[in-house]
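# Structure at a glance
Spelled out, the chains give:
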Amino acid sequence: MTVSVVPTGAAKEAVDRLVPQLVADGVAGGIASLDPTLWGPDAESEAAIRLGWTEAVAISEPLVAEIVALREQLHGKGVTHIVLGGMGGSSLAPEVITRTYGVELTVLDCTDPQQVKDALDDRLAQSAVVISSKSGTTVETDSQKRVYEAAFRAAGIDPTERIVIVTDPGSPLDESARADGYRVFNADPNVGGRYSALTAFGLVPSGLAGADIAELLDEAGAVLLELALDRPENPGLILGAAIGGTQPLRDKLGIVADGTHIVGFADWAEQLIAESTGKQGTGLLPVVLDTRSPELSENLPDLQIVRLVRDERATHEVNDGEIEISGSLGGQLMVWEYAVAVAGRLLGINPFDQPDVESAKKAARGLLDAQPAPTEPVFTDGAVEVRTAGGLTIDGTSVEAAIDALLAALPEDGYVAIQAYLDRVDHPEFAQLRDLAAAASKRPVTFGWGPRFLHSTGQFHKGGPAVGVFLQLTSVTAPADDLAIPDRPFTFGQLIRAQAAGDASVLADHGRPVLTLTLTDIDAGFDAVRSALGATRAG
């Protein structure tokens, strides 16, 4: 099954203008042959160690039998439930793979204490846990590993029988895990996290959960030759030119799933695009939409709609001005990875680094070390404490006035980012705020669960165009509801608060307006924010 990319309007003009030059420059063949010079001299050293994803199918095929054998071994021990501790690309790829294949995987890419507690309480005796981290030094995955080790021991279960490690060879985690007797799968070190869907990071948790990873690799392999050839029909070149070459640049990409069999693909594409392109003041902002999202009827000149459709949909149905894509999951994973690399070349940036991701991590670590008292709110309105950063000022003392002030700071070509540092399993209703904010602002709105977005779209927020305004939603964790992290001087509640405060401080340092609403009561706070966004829309 091939991947079909059908551009129209400005996207087709970009394809017609740029693909012949990309073909003449040998870009597709260069990517396939691991040429690190394609993105300029400044990117060459990084690109030289980040193109392994082009060979992922061949490198990963021998893993399939090992993963299936381990799955059967775990089944023999009564394991019927797989949990994944990972962040960014390490968690988003397995999430889309397992959801598309209809198998259960608990993705624990969070530090919210209640969400972690709920995961620990969910069938622990029947669970195995995959800890995925390139280095093993990521604070979230280290914390998840520690808390599951303690839980297994408390239940009389040997953690080495239930925890599986995926990491780079020679990493600190690789060395410590092998010394402790854990089962370790090594991934190709020449692949960045967001390009790792078809490596051990994507395949081990997905395969252990029951997804047909052999079929997934076959689907990806079926498009490799087409992607490697410098021809005008190359879907990677077409998509790369369509998203990265419009004039003027449509730098917001509204990704819509419309009848496709693939579940959750836009969330995976979001982190690939945002983290790869959002730097040096440029980039493409992916905006995950559904078929009823307000942005689709606003006719925004800087928003390029990319519609993911079922395979049998006729190309004559493409809406004018949109890009339509269909194809298998494995095929689309490969095509999008090629396309984003091509878009990076067109944008003049290095698609393989993430220079601004570390800044928020450093700020959070500093707050964890210092443990300062929370800053006093500007004011409190019912169940909502209101704080500001980045020069945001509020005329009034209500949640509605605060949101009005944030939207008033929104540039004409800007976007709103909602960042919910909350339990996404127990409180999925907060995602409803995205459409309300889009209707109120009449601009593109992204929604991210914290801290998982810090490992993906967090790069764009700091390194991309300085046109975003940021709405943080946090909560208060009572000591009795918190969760300790074994052998660490901080709790999960302290960690998630530090991550939110650290990111707010870095955004403010970059001149981005930040409104932080801390909900002292989740349900009442949600109602207040929802009402305020509705009132803002009506106003």
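My aim in this report is to walk through the structure given alongside it, one point at a time. These numbers come from a predicted model, not from an experiment.

The next subject is the sheet that holds strand 15 (residues 468-475). Strand order in the open sheet formed by 6 strands is 11-12-16-15-13-14, with mixed pairing between adjacent strands. The outermost strands of the open sheet, each flanked by one partner alone, are strand 11 (379-381) and strand 14 (445-449). Averaged over all pairs of adjacent strands, the angle between their axes in this sheet comes to 20°, without regard to strand direction. Pairing of strand 13 (residues 415-420) with strand 15 involves 6 bridges; the strand directions are parallel. Of the residues in strand 15, the one forming a bridge with valine 416 is valine 469. Contacting strand 12 (384-389), strand 13, strand 15 and strand 16 (514-519), helix 19 (residues 492-509) crosses the sheet at an angle of about 160° to strand 15.

Within the sequence span of helix 9 (residues 172-180), burial applies to Leu173, Asp174 and Ala177. What you see down the axis of helix 9 is that its buried residues fit within an arc of 100°, all on one side. Opposite the buried face of helix 9, at more than 90 degrees from it, the exposed residues are Glu175 and Ala179. On its buried face, helix 9 sits against helix 7 (139-154), strand 5 (163-167) and strand 6 (183-186). Of the residues flanking the end of helix 9, it is glycine 181, one or two places downstream, whose phi is positive at about 95°.

Spatial ordering of the open sheet is given by 3-2-4-5-6, a layout of 5 strands whose pairing is parallel. If you trace the sheet from one side to the other, it starts and ends with strand 3 (106-108) and strand 6, each paired once. Shown here is a sheet whose adjacent strand axes are inclined to one another by a mean of 20°, direction ignored. One ladder, built from 4 bridges, connects strand 5 with strand 6; its direction is parallel. If you follow valine 164 over to strand 6, its bridge partner there is arginine 183. Relative to strand 2 (residues 81-85), helix 5 (residues 89-101) is tilted by about 145°, and along the sheet it contacts strand 2, strand 3 and strand 4 (127-132). Packed onto the sheet, helix 9 meets strand 5 and strand 6 and runs at close to 150° relative to strand 6.

Cut-offs applied
- Residues numbered from 1 in each chain as written.
- Predicted model: local features only at pLDDT ≥ 70, side-chain atom pairs only at ≥ 80, totals over all residues.
- Heavy atoms only, no water.
- Pairing = 2+ DSSP bridges.
- Helix = DSSP H or I, 4+ residues; strand = E, 2+ residues; numbered from the N terminus.
- Axes fitted to C-alpha atoms, helices over the stretch in contact; angles between N-to-C directions.
- Contact = heavy atoms within 4.5 Å.
- Buried < 20%, exposed > 50% of the residue type's maximum accessible area, 1.4 Å probe, protein only.
- Arc of directions from axis to C-beta.

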